[in-house]
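Architecture at a glance
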Amino acid sequence: MAESVTLFEMGPRDGLQNEAKTIPTKYKVQLVDMLSEAGFSKIETASFVSPKWVPQMADGADVLAGVTRRKGVRYTALTPNMKGYQRARAANVDEIAIFGSASEGFSKSNLNMSKADALEMFRPVAEAAKADGILMRGYVSCVAVCPFDGPTPSSDVADAVEAMLALGCYEISLGDTVGRGTPEMTEEFLTACLKVADADQLAGHYHDTNGRALENIEVSLTHGLRCFDAAVGGLGGCPYAPGAAGNVATEAVADLLAAKGFETGLDREKLLEAASFAKTLRSV
Ligand code: HMG
Ligand code: MG
């Protein structure tokens, strides 16, 4: 039997959060439903961050209320603080994610606080999720390069991974937020992270600004990673990371994995339909 790799679909959240025009909720719901039909088991559907910071994600509860819940699919959301956690719980999310940074510059830009203060903000969220039996994932951003601080030392990445695991995350997604990581850098930060985490506790989240995300995924596969984040149509970026282009396109990752003999459980035709639809949302 072919070995399987999980593709964690980011389109509705990381894909759309950076769009300047307000995308009507009904189109977001339609995209999520197309993705669940295409066979994704994990879809990052919403973001319960401050709507003052990311207005595009303000309708998260309505998106979650509107989607047709498909059995076996986890509909997930970002929750930086208790306010976000409570909104996410009220919207009946299946899984939450906290998101920290390996670099100080991005932490200040994205969360308006230091790395240490961010960990303190996450702590009650982690405790509440544990008490409520809600799965919690963690992101560590800027694992290769920070748009403010430059190249990130791999020891800082490993320290951030260790801290997020200690909070109770079942998996840490390693974010090349600005998509400037090279295969050499990927090799370096993975080697450091694998000293503090097992390969099945790590996922790759590579933006594709310089067109190297697929190579970085290949390096990650050789290190045993079997979960990758991607967004249909290659949409996305982070409003607080200048120069960040879209996530690596899910359809490109799916093709790479198929060529390498991995199973993703995705229906290629439906995936391509979702990707075409996602691209049209840019101009809605
Ligand atoms: P702040 O302004 O320092 O803190 O923001 P605040 O507590 O003063 O909050 C400001 C206002 O927002 C207040 O309202 C709060 O009540 C409200 P006011 O009193 O002025 O009326 N507020 C909220 N409202 C709803 N839900 C909430 C919430 N929190 C506060 N959860 C804060 C600090 C952390 C809130 C802010 O910086 C924030 O929301 N940051 C998130 C930025 C973001 O979403 N970035 C994109 C996602 S991360 C990413 O894309 C990277 C990733 O893809 C991985 C990678 O690529 O590397 C994950
Ligand atoms: Mg991202």
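Residues numbered from 1 in each chain as written. Chains lettered and ligands numbered in written order. Predicted model: local features only at pLDDT ≥ 70, side-chain atom pairs only at ≥ 80, totals over all residues. Heavy atoms only, no water.

This paragraph deals with the site of ligand 1. Neighbouring residues of ligand 1: 26 residues in total, closest Gln17, Lys52, Asn112, Ser141 and Thr177. In this structure, Arg13 approaches ligand 1 through a side-chain N or O atom, which is 2.9 Å from an oxygen atom. A distance of 3.1 Å separates an oxygen atom of ligand 1 from a polar side-chain atom of Trp53. If ligand 1 stood free it would expose 1100 Å²; the protein chains cover 77% of that surface. Here ligand 1 occupies the largest pocket. The set of elements that each furnish at least two residues to the shell around ligand 1 consists of helix H1 (11-15), helix H4 (82-90), helix H5 (104-111) and strand E5 (135-141). Among the elements that take part in the shell around ligand 1, H4 stands out by supplying 3 residues, more than any other. Here the residues of the shell around ligand 1 sort into 10 nonpolar, 11 polar and 5 charged. (Near = heavy atom within 4 Å. Polar contact = N/O pair within 3.5 Å; in protein donor to acceptor, adjacent residues only side chain to side chain. Areas by Shrake-Rupley, 256 points an atom, 1.4 Å probe, with all protein chains shown as cover. 1 Å grid on protein atoms, 1.4 Å probe; cavity = no way out; pocket = protein on both sides within 12 Å on 5 of 7 lines; lining within 4 Å. Sits in = over half its atoms within 2 Å of the grid points. Helix = DSSP H or I, 4+ residues; strand = E, 2+ residues; numbered from the N terminus. Nonpolar A, V, L, I, M, F, W, Y, C, P; charged D, E, K, R; others polar.)

Here we come to the layout of surface pockets. When its volume is computed, the largest pocket comes out at roughly 420 Å³. In terms of lining, the largest pocket is formed by 27 residues, of which the most central are Val49, Leu78, Phe99, Asn110 and Leu111. Of all the secondary-structure elements, those providing two or more residues to the lining of the largest pocket are H1, H5 and E5. No other element matches the 3 residues that H5 contributes to the lining of the largest pocket. Looking at the second largest pocket, its volume works out to about 150 Å³. Of all the elements in the fold, those that place two or more residues in the lining of the second largest pocket are strand E4 (95-101), helix H6 (115-132) and helix H7 (154-166). Residue contributions to the lining of the second largest pocket peak at 5 residues, all from H7. Class assignment of the residues belonging to the lining of the second largest pocket gives a composition of 5 nonpolar, 2 polar and 3 charged. (Points joined across faces, edges and corners; volume = space filled by probe spheres on them.)

Purely spatial values, then, with no claim about function.
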